[in-house]
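Results of the structural survey
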Amino acid sequence: MATKKEIKTAPDYSKYIRWFWILFTGGILSIILIFLLASWGAFGEMPDHTVLENPRTNLATEIISSDGQTLGKFYFNDNRTPVGYDELPKQLVDALIATEDARFHEHAGIDARGTLRAAFFLGKRGGASTISQQLAKQLFHRREKANIVEKLSQKLREWIIATRLERQYTKEEIIAQYFNIYDFGNNADGIRSAARIYFGKEPKELSLKESAMLVGMFKNSALYNPRPHRNPVGVKNRRNVVLAQMYKYEYINETLKDSLQKTELDLNYTPESHREGLATYFRGYLDGFMKDWIKKNPKPDGTNWNLYNDGLKIYTTIDSRMQKYAEDAVQQHMPRLQKEFFHQNTPKRNPTAPFLELTRGAIDTLMRRSMRQSERWRHMRYDLKKSEEEIKESFHKPIKMSVFEWKDGKASEVDTIMKPWDSMRYYKSFLRTGMMSMDPLTGHVKAWVGGMNYRHFQYDMVKQGKRQIGSTFKPFVYTAAIDQLHYSPCDEFPDTPYCIEKLKHGNMEEWCPRNSGGEDDYGGTRTLQNALANSVNTITARLIDKVGPQPVVDLARKLGIESDILPVPSIALGTPDISVYEMVGAYGTFANKGVYTKPVMVTTIEDKNGTILYQFKPETRDVLSEETAYVAVKLMEGVTKHGSGVRLRTKGADAYRADFREIVTGYPYEFTNPIAGKTGTTQNQSDGWFMGMVPNLVTGVWVGAEDRAAHFQSITYGQGAAMALPIWGVYMKSCYADETLNISQDEFEEPEDLSIVVDCSKMTKNDLIDDNLDDDIPEELDF
């Protein structure tokens, strides 16, 4: 029998088991409590369901062309325009899931396997953040905390927000939100901006390798910046990692992976800023239009719309194709014209270059006035509170700057050291331009080019700038005569010197205009059509003497011209300062059968949800009879048939004329369709104009320097047919080549029961004699 000492009792593990369950249950409850406390906001503010439904992101205002393209955006910090999941290409989504969250479709916001792996290996084998967690971080906790406790607290809140996002949104919506929220650098906020800035295309057009590059940038867009001077090698390596992940998860095969990994990035870097891109001058106008609209149209709650953050959509009349053709025409012509201008204004040929007919004292006065009007003066005087003497001294101290230049026929910048005073004079040597194109039937403005380069020449010469219009004003005089006196284009007038006496029509002195050809440019008679085609000043003077200046001014007002016009005879030759915008609107009345339609630039404004906030109402008025408008058009057709605009139809002149080879860009144009138009050249060749019309498009072009004293010395180079017409010709050739635009090549529609003869070839002697003609018309006309 065993003794009492030999009996052994089994160890009592119950207390260990009890403590295990206490600790396990306590741990679980602690974790639950921690999650509950975090969800209640104990560790920091948590978004409620309303915030999750409408997370606050700054959305840029988008400017949309009539053909559905994005012209640009208004934004302050975030250049973001969201896209839907259906606008994302499949390979882009596949690349994201393969690289960032392979089990995205299997979890509910937190990847348990990934979290355990990350915890066990302390993150050395990859992180555990799901796409939902990364979205939560982007939406609510963009900056990662440095303190370990705060970092854990932030991670905890991201987990909770991620699960809530998964309950609130579909997987597709989460993917789209993540692409839309990420900052890809270089003002590329969101996938749409990234696709446009890095590759010049919409997201749905991205190729596989382009998609892989953008997904690779999710790692760290500041580090993986693909621009040539930043880190293109690192970005390429990171792109290849994404392609490898896609192969790993069987989204692509090995052959495709290997071939794409050998390719370059092939960026098409297209920066988006207020000073770059398409239609910059139009966007500058639109900025002012929108700010004025916002002042007058508050939100329903009484607050103002934010142009830069509220995600408005502005639908415009600009056609992106026509806008590009217009800008291309300017970029082709202006460097050639400028080269010849510099050639004729070297210091040796012109010691006061770029100015002519000015004394040194007058030049100094002009420069001082420009100094006081400059942005530099305004900034130093009113922002920095500098004294006038300090500011004046600063204009004569050399500083580093980037200045504009035409290099190899293209706009570029050059870094230099120059005195601000010298830079002002340098910029005054450049010829500027303004151009607008409009559908006369609807008033829709199709193209708007306010200058050559918005970064360096920000003054808009379409609507903001006004210049003397020269002979482009003459059609208004002729139209008033046709309307009041029922003249025909075929009526003849003597081509002789003509004076309007002192004190008549407000004249303080006798007014005797001369023809541009001098004393030899007289003799015989001319039809009105011939006189307008060749810009005969004396016959225009006869017409305004018969009609009177005030009716001409009244007509110009009805045609939409709001600029000041004095009712004096000299306006007949184009002395008023008028904008391109006004002139195009006025000429549109002729093409639109006598009906003035106010130019329209904005058709609709919507909020980010598509609610219409503004819709334009066309403004029209009857100004001329259909017959009068048609006769005026036929008069202007003569300009391009046998007048100052005939170079639009000819060919071969470049073989024997240097000016055609040097500055008539795009020649020969060889247009054969009906074109009504008018050239304009002001005194001393300071301004060159061309207004051109076909039945469904009216386009006006102005060219000149900032100051009238800077101009060509000869009319050969300084006339409107040389300075402005080539831009119109190049632009219209491009428009006609693009058949999708449907620019008319038809005849202008003739009104029924036309009572005025417009075909001078069919006129008889008796038809030409009219009771309204001057008494000094010869009794016998030489046919």
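Residues numbered from 1 in each chain as written. Predicted model: local features only at pLDDT ≥ 70, side-chain atom pairs only at ≥ 80, totals over all residues. Heavy atoms only, no water.

Some points on the overall build of the protein chain
A tally of helices and strands in the protein chain yields 28 helices and 18 strands. Taken across its 783 residues, the protein chain has 52% of its residues classed as buried. In the structure as shown, the protein chain presents an accessible area of about 37700 Å², 50% of it carried by carbon and sulfur atoms. (Helix = DSSP H or I, 4+ residues; strand = E, 2+ residues; numbered from the N terminus. Buried < 20%, exposed > 50% of the residue type's maximum accessible area, 1.4 Å probe, protein only. Areas by Shrake-Rupley, 256 points an atom, 1.4 Å probe, with all protein chains shown as cover.)

Some details on the sheet that holds strand β1 (residues 61–64)
If you trace the 5 strands from one edge of the open sheet to the other, you get β2-β1-β3-β13-β14, paired in mixed fashion. The open sheet terminates on both sides in strands that have one partner only, identified here as β2 (70–74) and β14 (612–615). Recorded for the sheet is a direction-independent mean angle of 15 degrees between the axes of neighbouring strands. The sheet contact formed by β1 and strand β3 (residues 313–316) spans 3 bridges and is parallel. The residue of β3 that forms the bridge with I64 is Y315. This element, helix α12 (residues 280–296), spans β1, β2, β3, β13 (602–606) and β14 of the sheet and lies at about 50 degrees to β2. (Pairing = 2+ DSSP bridges. Axes fitted to C-alpha atoms, helices over the stretch in contact; angles between N-to-C directions. Contact = heavy atoms within 4.5 Å.)

A short note on the side chain of R238
Structurally, R238 is set in helix α10 (residues 232–248). Look at R238: it is buried, it has no salt bridge, and the nearest opposite charge is E100 at 4.0 Å. From its side chain, R238 meets the backbone oxygen of G216 in a polar contact 3.3 Å long. (Lys, Arg positive; Asp, Glu negative; His and termini not counted. Salt bridge = Lys/Arg side-chain N within 4 Å of Asp/Glu carboxyl O. Polar contact = N/O pair within 3.5 Å; in protein donor to acceptor, adjacent residues only side chain to side chain.)

Considerations on the nonpolar core
Within the largest apolar cluster, 151 residues are counted, with the highest numbers of intra-cluster contacts made by W448, F476, M693 and Y731. The contacts of Y731, once residues within four sequence positions are left out, are M322, Y325, A326, A329, M435, S437, A447, L697 and T699. In this structure, V83, L135, I161 and A194 belong to the second largest nonpolar core, which totals 47 residues. (Core = buried A, V, L, I, M, F, W, Y, C linked by side-chain atoms within 4.5 Å.)

Focus: the sheet that holds strand β17 (residues 687–694)
Strand order across the open sheet formed by 5 strands is β7-β6-β18-β17-β16, with antiparallel pairing between neighbours. Every interior strand has two partners, whereas the edge strands, β7 (445–449) and β16 (676–681), have only one. Averaged over all pairs of adjacent strands, the angle between their axes in this sheet comes to 5 degrees, without regard to strand direction. Sheet topology note: the strand β6 (residues 431–438)/β7 ladder contains 4 bridges and is antiparallel. Each bridged residue has a counterpart across the sheet, and for S437 the counterpart in β7 is A447. Across the sheet, helix α27 (residues 725–737) lies against β6, β7, β16, β17 and β18 (697–705), angled at about 145 degrees from β18, the strand it touches most.

Side note on the packing of aromatic side chains
Under the counting rule described, the total for this entry stands at 35 aromatic pairs. When the centroid spacing of 5.0 Å and the interplanar angle of 80 degrees are considered together, the rings of Y182 and F184 count as edge-to-face. Accessibility assignment for this pair places Y182 and F184 in one class, buried. Note on F342 and F430: the rings are 5.6 Å apart at their centroids and 80 degrees apart in plane angle, and the pair reads as edge-to-face. Of this pair, F342 sits in helix α13 (residues 320–344) while F430 sits in the loop between α17 (420–428) and β6, placing them 88 residues apart in sequence. We classify F430 as buried; its relative accessible area is 1%. Put simply, the rings of F342, F404, W406, Y426, Y427, F430 and F457 pair up and form one aromatic cluster. (Phe/Tyr/Trp six-rings, centres within 6.5 Å; stacked < 30°, edge-to-face > 60°.)

Focus: the side chain of S221
By the element assignment, S221 lies in the loop between α9 (208–216) and α10. S221 sits in the buried class, given a relative accessible area of 12%. There is a polar contact of 2.8 Å between the side chain of S221 and the backbone oxygen of D183. Beyond its immediate stretch of four places on either side in the chain, S221 contacts Y182, D183, F184 and G185.

Focus on the environment of Y85
Among the structural elements, Y85 can be located in the loop between β2 and α3 (90–100). The class of Y85 is partly exposed, set by a relative accessible area of 35%. Considering only alpha carbons, one finds Y85 and I175, 90 residues apart in sequence, at a separation of 7.2 Å. Not counting chain neighbours up to four residues away, the residues in contact with Y85 comprise V93, E172, I175 and A176.

Notes on the state of the cysteines
Summed over the entire model, instances satisfying the criterion amount to 2 disulfides. Between C490 and C760 runs a disulfide, and the two sulfur atoms are separated by 2.2 Å. Note on the C490 and C760 pair: the S-S dihedral is about -95 degrees, so by sign convention the disulfide is left-handed. Pair noted here: C490 is in the loop between α18 (474–485) and β9 (492–494) and C760 is in the loop between α27 and α28 (765–768), with a separation of 270 residues, a long-range link. (Disulfide = S-S within 2.5 Å.)

Description of α10
For α10, built from 17 residues, the straight-helix expectation of 24 Å at 1.5 Å per residue is met to within 8% by its first-to-last C-alpha distance of 24 Å. Those residues of α10 lying buried are G234, V235, K236, R238, R239, N240, V242, L243 and M246. Each element contacted by the buried residues of α10 is listed here: α3, α9 and α11 (254–261). Positive backbone phi, approximately 65 degrees, marks E250, located one or two places after α10. (Expected span 1.5 Å × (residues − 1).)

Keep in mind that these numbers describe shape and distance, not what the molecule does.
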